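Structure at a glance
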Amino acid sequence: MVDTMKLQFLKKIFAESNVHGIGLIFRPRQHLLERLLWISLICTSLYFALTVCRKEWHRYQDNSVVLSLETNWRNWEYLAPGVTICTDYIDDTRANNFVETNWNLSENDSNFPIYKNFVEVIARTTYGNLQELRQFSKYTFLHGLNLLQIAREMREDLLPESGFNLVTTEMGVCFSSTYLYLLQNVTERTVETTLPNGDLCRSTLSQDSCSLTVYPPRTVEPEDTHTQTLFVHNKDDVLNPTKAIVYNFTAETTTSMELVINSIVPSNKLEQLSPAQRKCYFASELPLKYFNIYTTNLCLISCRIDAAVKYCGCIPFFYSINSTHAPACNVLGMACLSNKWYRSIFNTSQFDKTCNCLPLCSNFEYRRATVQEQAIPLRFFLVNFRRKYKKIIFFSVFRRTLNLCLRSS
């Protein structure tokens, strides 16, 4: 009796309901075929409504962030670029003294040319010339040497005048103005990398540029013609030679380079989304395996180190990392890397994609516009084309997706 009353009560509710189609199904004295027709129509409508909801949900997960073009350019500030300078210069006298002091050899000893050649090759070692180390694999007396110390000793006295620190990079031991120099530092002597007039360039009504002067590394030769390679990159990141602006010059050649800036900044609510949704990381939210902060290039370096450990069981010495996961490579390890690691990482464009290294949510990108030779030290002009992008949340899952679902129903 109670179940019958409940059933009659539910039928009355559905028959008088304003929900589309429900009342037509439970209307009294309705033909069975008509009821089945309305049931099929409601089920079909429900299916398409759920399909739209599912589509919008996936859109929220995959494409919830867009770049908006900012126009309030009068209040903008730009970060001056980071500069890393690498040179192939080797002071011959310093190399001779290093061999004599560390191995107690004179120039008349039969092994002196081997040691000296070894020192010069180590000082010039980059990710691109690892094959030059294979010739030393047969000399067992070179296997236990500290390769990083040798490279550092050959570069330590070449520091530019100001704003640069000695760092280890995939281009060897170089000089850099990056804020993250402590992660690559190979010496206790450090300097402040902030420019004398500050690191921020401001946009004004009268002009949209500021200049940065860089003095190349000093050498002892009065007419130095050795090639120096300059890399321009984000000052909040370390050097990635495959992605930075590259320019080769000599100490006698002075250059003016004009750089165009593209700036991407996050909105206030962007951090509420997951990294997969916003497709970027904040520097403090994802400590890496070998570093305590996140940047795109540090992520790629960590990925390359893991590959080196996988292939050869050691970490390339020019990363300057004291890790419990693997030792630093000796001569045999570096020779191994020249065969496997180099070919599979730097010669393939697919490797970086496998690392899944998302960009930073706040980022400055620089593009070379013009280069001119002139009779002054190396100088950059940062040109603001009044373009700035902000990552914003395109729609809220509760405000957008549910709204569309209700409309579809």
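We now turn to the structure provided with this report. Just so it is clear, the model here is predicted, and its values are computed rather than measured. (Residues numbered from 1 in each chain as written. Predicted model: local features only at pLDDT ≥ 70, side-chain atom pairs only at ≥ 80, totals over all residues. Heavy atoms only, no water.)

1. Here's the deal with the overall build of the chain
Secondary structure assignment for the chain yields 12 helices and 13 strands. In the chain, which comprises 409 residues, the proportion classed as buried is 45%. A sequence separation of at least 24 residues applies to 73% of the contacts in the chain between residues at least 6 apart. (Helix = DSSP H or I, 4+ residues; strand = E, 2+ residues; numbered from the N terminus. Buried < 20%, exposed > 50% of the residue type's maximum accessible area, 1.4 Å probe, protein only. Contact = heavy atoms within 4.5 Å.)

2. As for the sheet that holds strand E9 (residues 245-249)
Taken in spatial order, the five strands line up as E4-E5-E3-E8-E9 in an open sheet, and their pairing is antiparallel. Lying at the two open borders of the sheet, with one neighbouring strand each, are strand E4 (165-169) and E9. Averaged over neighbouring strand pairs, the angle between their axes works out to 30° when direction is ignored. Note that strand E3 (residues 82-87) and strand E8 (residues 228-233) share six bridges and pair antiparallel. (Pairing = 2+ DSSP bridges. Axes fitted to C-alpha atoms, helices over the stretch in contact; angles between N-to-C directions.)

3. Thoughts on a nonpolar patch on the surface
The grouping of Leu32, Leu33, Leu36 and Ile39 at the surface amounts to a nonpolar patch, some 400 Å² of accessible area in total. Locating Leu33 in the fold gives a position in helix H3 (residues 32-62). (Patch = residues over 30% accessible without salt bridge, like charges linked within 9 Å, V, L, I, M, F, W, Y side chains within 5 Å. Areas by Shrake-Rupley, 256 points an atom, 1.4 Å probe, with all protein chains shown as cover. Salt bridge = Lys/Arg side-chain N within 4 Å of Asp/Glu carboxyl O.)

4. Here we look at the pairing of E3
A large share of E3 lies buried, amounting to six of its six residues. The alternating pattern of E3 places Gly82, Thr84 and Cys86 on one face and Val83, Ile85 and Thr87 on the opposite face, and all of these are buried. When E3 meets strand E5 (residues 172-176), the two strands line up antiparallel, connected through two bridges. Residue pairing in the sheet places Ile85 in a bridge with Phe175 of E5.

5. Here's the deal with the nonpolar core
Counting 79 residues, the largest nonpolar core has Trp103, Phe118, Met334 and Trp341 as its most contacted members. By residue number, the principal contributor to this core is helix H8 (residues 296-312), which donates nine residues. Listed in part, the six residues of the second largest apolar core include Val65, Leu270, Leu273 and Phe282. (Core = buried A, V, L, I, M, F, W, Y, C linked by side-chain atoms within 4.5 Å.)

6. As for unusual backbone geometry
At Asn104, a residue that is not glycine, the phi angle is positive and equals roughly 55°. Positionally, Asn104 belongs in the loop between helix H4 (92-103) and helix H5 (112-123). Positive phi, normally seen in glycine, also occurs at Lys279, with a value near 60°. Assignment of secondary structure puts Lys279 in the loop between helix H7 (275-278) and H8. Residue Lys279 is classed as partly exposed on the basis of its relative accessible area of 40%.

7. So, the state of the cysteines
Applying the stated criterion across every chain yields a total of six disulfides. Here Cys303 engages in a disulfide with Cys355; their sulfurs sit 2.1 Å apart. Judged by the torsion about the S-S bond (-85°), the Cys303/Cys355 disulfide is left-handed. Of this pair, Cys303 sits in helix H8 while Cys355 sits in helix H11 (residues 351-355), placing them 52 residues apart in sequence. As far as burial versus exposure is concerned, Cys303 and Cys355 are alike and both buried. (Disulfide = S-S within 2.5 Å.)

8. What to know about helix H6 (residues 147-155)
Residues three or four positions apart in an α-helix share a direction because the helix packs 3.6 residues into each turn. What H6 keeps buried is the set Leu147, Leu148, Ile150, Ala151, Met154 and Arg155. For H6, the buried positions fall inside an angular range of 160° around the axis, keeping them on one side. Close packing links the buried residues of H6 with E3, H4, H5, E4, E5 and helix H9 (331-339). The N-cap residue of H6 is Asn146: its side-chain oxygen and the backbone nitrogen of Leu148 are 3.2 Å apart. (Arc of directions from axis to C-beta. Polar contact = N/O pair within 3.5 Å; in protein donor to acceptor, adjacent residues only side chain to side chain.)

9. Focus: the pattern of salt bridges
Taken as a whole and judged by the stated rule, the model has five salt bridges. Put simply, Glu285 and Arg278 hold a salt bridge, and the shortest N to O gap is 2.7 Å. Asp306 serves as the salt-bridge partner of Lys289, at 3.2 Å between the closest nitrogen and oxygen. One end of the pair, Lys289, is in the loop between H7 and H8; the other, Asp306, is in helix H8, and 17 residues separate them in sequence. Judged by relative accessible area, which is 31%, Asp306 ranks as partly exposed.

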